[in-house]
Amino acid sequence: MAAEVKRVAMWSGPRNISTALMRSFENRPDAIVVDEPFYGHWLKITGTAHPGADEVMRSQGTDWRRAAAALLAPLPAGKTVFYQKHMAHHLLPDLGRDWIDEVANAFLIRDPEEMLTSLMKVVPEPSIEETGLPQQLELFRRLADRRGEPPIVVDARDVLEAPEPMLRALCAALGIPFDEAMLAWPAGPRASDGVWAKHWYDSVERSTGFAPWRPKPDRVPERQRDLLARCREIYDSLHRERLTP
């Protein structure tokens, strides 16, 4: 009997451990990954001036329907886990949601002050939509209503503080076996990385595992305290549902 295929859509905000978690899953011998498949569509619709935007759109296209169909396509022989790294803010209103019901969904969150102070180094005046938190909450509620139970929520700090217990808990919640290969990976780039890796992935390309969590001294400036409060409200509602070992 063929092994059951598990398609995992991990919905993250920016400046999280999303790429490291993608590395973790890709290091499994039974897994393949995809890196932000709706990025090109988001760039086309929003016109956001991200580094290498034209190259991104050329490399993956801008048709969300084609991208969504690829997420449900058959896997290569010997592969039974399809890990999909998604940025929640790419979930624009025109992007259909029906395909989401065909995959196992999970949410990756990070403390808003840590996230915002990192994001503001790249986007000095971010909107709340650029944090991905409203989109995460919208999708979380949609899935909870449809399935009668809250979907999986993972907090980045928990993973960094206890990688193995958290990954074991995540795999159990997803219904896949834990593999110790998820705890460490070779440094360097991957063919599966998006073409934007050269602009964003310096630190993860140097990594060989999850770096220990350390408190950050940075604080959100006064002019963005209202944004922080709005982010904190959404984060807290998701954090209450987070997975624990």
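Residues numbered from 1 in each chain as written. Predicted model: local features only at pLDDT ≥ 70, side-chain atom pairs only at ≥ 80, totals over all residues. Heavy atoms only, no water.

A. Spotlight on the packing of aromatic side chains. Here the structure, examined in full by the defined rule, presents 7 aromatic pairs. Note on Trp-185 and Phe-210: the rings are 5.1 Å apart at their centroids and 90° apart in plane angle, and the pair reads as edge-to-face. Taken together, the residues span a long stretch of sequence, with Trp-185 in the loop between helix H8 (163-174) and helix H9 (197-200) and Phe-210 in the loop between helix H10 (202-206) and helix H11 (225-239) at a distance of 25 residues. Assessed through its relative accessible area of 12%, Phe-210 is described here as buried. (Phe/Tyr/Trp six-rings, centres within 6.5 Å; stacked < 30°, edge-to-face > 60°. Helix = DSSP H or I, 4+ residues; strand = E, 2+ residues; numbered from the N terminus. Buried < 20%, exposed > 50% of the residue type's maximum accessible area, 1.4 Å probe, protein only.)

B. Up close: the packing of helix H2 (residues 39-46) against helix H3 (residues 53-60). Between H2 and H3, whose axes approach to 8 Å, the crossing angle comes to 130°. For the element pair H2 / H3, the angle class is oblique. The chirality of how H2 crosses H3 is left-handed. Contacts between H2 and H3 involve Tyr-39, Gly-40, Leu-43 and Lys-44 from the first element and Ala-53, Val-56, Met-57 and Gln-60 from the second. (Axes fitted to C-alpha atoms, helices over the stretch in contact; angles between N-to-C directions. Parallel < 35°, antiparallel > 145°, perpendicular 65-115°, else oblique. Left-handed = near helix turned anticlockwise from the far one by under 90°. Contact = heavy atoms within 4.5 Å.)

C. Region of the structure containing the pairing of strand E1 (residues 6-12). Counting buried positions over the 7 residues of E1 gives 7, a clear majority of the element. Pairing of E1 with strand E3 (residues 81-87) involves 7 bridges; the strand directions are parallel. Bridge pairing in E3 links Lys-6 to Val-81. Where E1 and strand E4 (residues 104-109) come together, 5 bridges link them in parallel fashion. (Pairing = 2+ DSSP bridges.)

D. Seen up close, the nonpolar core. Membership of the largest hydrophobic core comes to 41 residues, with the highest contact counts inside it found for Phe-25 and Phe-210. Among the elements that take part in this core, H8 stands out by supplying 6 residues, more than any other. With 35 residues, the next largest nonpolar core counts Leu-71, Ile-128, Leu-137 and Ile-234 among its residues. (Core = buried A, V, L, I, M, F, W, Y, C linked by side-chain atoms within 4.5 Å.)

E. How the structure looks around the environment of Met-120. Following the sequence through the fold, Met-120 ends up in the loop between helix H5 (112-119) and helix H6 (133-147). Assessed through its relative accessible area of 13%, Met-120 is described here as buried. Residues Met-120 and Arg-15, spaced 105 residues apart in sequence, show a C-alpha to C-alpha distance of 9.8 Å. When neighbours within four sequence positions are excluded, Met-120 is seen to be in contact with Pro-126, Pro-221, Arg-223 and Gln-224.

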